[in-house]
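What the coordinates show
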Amino acid sequence: MVFRGAGSDTVALQDASLDIRPGEFISLIGPSGCGKTTLLRLMADLITPTSGELLIGGKTPAQARQAREYGYVFQAPALMEWRTVLNNVLLPLDVMDTPKETRRARAQAMLELVGLEGFADRYPWQLSGGMQQRVSIARALAFDPPLLLMDEPFGALDEITREKLNGELLRLWQETRKTVVFVTHGITEAVFLSTRVVVMTSRPGKIEGVVDIDLPHPRSQETRESPRFFELATRVRELLRKGHGFDVEE
Ligand SMILES: Nc1ncnc2c1ncn2[C@@H]1O[C@H](COP(=O)(O)OP(=O)(O)OP(=O)(O)O)[C@@H](O)[C@H]1O
């Protein structure tokens, strides 16, 4: 993926080759500017690759977008302040050709899934940052897409809230069996959540290595404290160092 500039071009991704199996939880980790968001945006058909090929379940990203095959969760919750929580989750469903009551039931079910069933009539500004991000996850799941693309969804939250939401996301993933592609700067977050961690390097952005996370499920606080967790986190850290990635959190 090359971004053409006035004076010079930026090679955002080069020789980035990756196969993701259905039902996997993949984390993309790497230093700032290594192309994590770019890779996610390519999958979402928000940008078009300048060369190479990308398929989502056999479809082109444009076909996958039209078929509503993925939900996208942004770094900031991006909710509409003047709409209630329920109406925010309903937003993508409003374009659907189904009865209003069916849509409402679907949105309610998604709110339940993220633990916000009692907050349907509140407004986003009445919720904490973590709750707002859970609303945006419910909204991304509204169409029941098989794929969930998440760009540092918990990056702006405190460590304890983030750990709590990590646990909830993992439960949700186990219940729904979605494929998740998750961008993060956090080594422990990536290891805790993933089936595989993809370590990227910058200039030009490429894949330095992939670490299989063989920690058993369900995962808990004990998982984070296990020797195997420590070994896997160390492996990810070594790969990041190899790619000169010092811009990482512990
Ligand atoms: N629309 C664009 N136009 C020009 N350059 C871009 C554009 N989007 C991204 N880039 C460049 O591509 C490279 C990769 O950016 P990207 O946002 O994917 O990195 P990232 O790994 O997600 O970074 P961060 O961790 O800081 O979010 C960077 O050098 C960035 O400046």
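Keep in mind it's a predicted model, so treat the numbers as computed, not measured. (Residues numbered from 1 in each chain as written. Predicted model: local features only at pLDDT ≥ 70, side-chain atom pairs only at ≥ 80, totals over all residues.)

**Quick notes on the overall build of the protein chain**
Along its length, the protein chain carries 9 helices and 8 strands. Taken against the 2.2 N^0.38 rule, which gives 18 Å for 250 residues, the C-alpha radius of gyration of the protein chain at 18 Å falls within 12% of a compact globule. Judged by the C-alpha coordinates and their principal axes, the protein chain covers about 50 × 45 × 30 Å. Taking all 250 residues of the protein chain together, the buried fraction comes to 38%. (Helix = DSSP H or I, 4+ residues; strand = E, 2+ residues; numbered from the N terminus. Rg over C-alpha atoms; globule rule 2.2 N^0.38 Å. Buried ≥ 20, exposed ≤ 12 C-beta atoms within 10 Å, placed from the backbone.)

**Quick look at the pairing of strand β7 (residues 196-201)**
Judged by how many residues are buried, β7 sits mostly within the fold: 5 of 6 residues are covered. Examined bridge by bridge, strand β3 (residues 25-29) and β7 share 4 bridges and lie parallel to one another. Its bridge partner being in β7, S27 is matched across the sheet by V197. The pairing of β7 with strand β8 (residues 206-212) spans 6 bridges and is antiparallel. Bridging across to β8, V198 finds its partner in V210. (Pairing = 2+ DSSP bridges.)

**Things to note about the domain arrangement of the protein chain**
Domain parsing of the protein chain yields domain 1 (2-69 + 146-242) and domain 2 (79-144). Taking only C-alpha atoms into account, the centre of domain 1 sits 25 Å from that of domain 2. Between domain 1 and domain 2, the contact holds 10 residues from the first and 7 residues from the second. No other element matches the 4 residues that helix α6 (residues 159-176) contributes to the side of domain 1 that touches domain 2. (Domains from an automatic or database assignment. Contact = placed C-beta atoms within 7 Å.)

**Re the site of the ligand**
Taken together, F3, T10, A12, G30, S32, G33, C34, G35, K36, T37, T38 and G205 make up the full set of residues adjacent to the ligand. Top contributing element to the shell around the ligand by residue count: helix α1 (residues 36-43), with 3 residues. Considered class by class, the residues forming the shell around the ligand number 3 nonpolar, 8 polar and 1 charged. (Near = placed C-beta within 6 Å. Nonpolar A, V, L, I, M, F, W, Y, C, P; charged D, E, K, R; others polar.)

**Observations regarding the nonpolar core**
The biggest cluster of nonpolar side chains holds 64 residues, and the ones touching the most others in it are V89 and V236. The residue makeup of this core includes at least three contributed by each of domain 1 (2-69 + 146-242) and domain 2 (79-144). Not counting chain neighbours up to four residues away, the residues in contact with V89 comprise A107, M110, L111, V135, A138, R139 and A142. (Core = buried A, V, L, I, M, F, W, Y, C linked by C-beta atoms within 7 Å.)

**Some points on the sheet that holds β3**
With mixed pairing, 6 strands are arranged side by side in an open sheet as β4-β5-β6-β3-β7-β8. Bordering the open sheet on either side are β4 (70-73) and β8, each of which pairs with just one other strand. Here the strands of the sheet are splayed against their neighbours by 15° on average, with no regard to which way each runs. Running at roughly 150° to strand β6 (residues 179-184), α1 makes contact with β3, β5 (147-151), β6 and β7 of the sheet. (Axes fitted to C-alpha atoms, helices over the stretch in contact; angles between N-to-C directions.)

**With respect to unusual backbone geometry**
Cis geometry marks the peptide bond from R203 to P204; its omega dihedral reads -15°. Within the element layout of this structure, P204 appears in the loop between β7 and β8. The residue after H217, namely P218, is reached through a cis peptide bond having omega -5°. Inspection of the secondary structure assignment puts P218 in the loop between β8 and α8 (221-224). Unusually for a residue other than glycine, D45 sits at a positive phi of about 65°. With respect to the element layout, D45 can be found in the loop between α1 and α2 (61-66). On the basis of neighbour counts, which here come to 17 C-beta atoms within 10 Å, the residue D45 falls in the partly exposed class.

**Things to note about the environment of A138**
Mapping A138 onto the fold places it in helix α5 (residues 129-140). Note: C-alpha distance between A138 and R68 (70 residues apart in sequence) is 15 Å.

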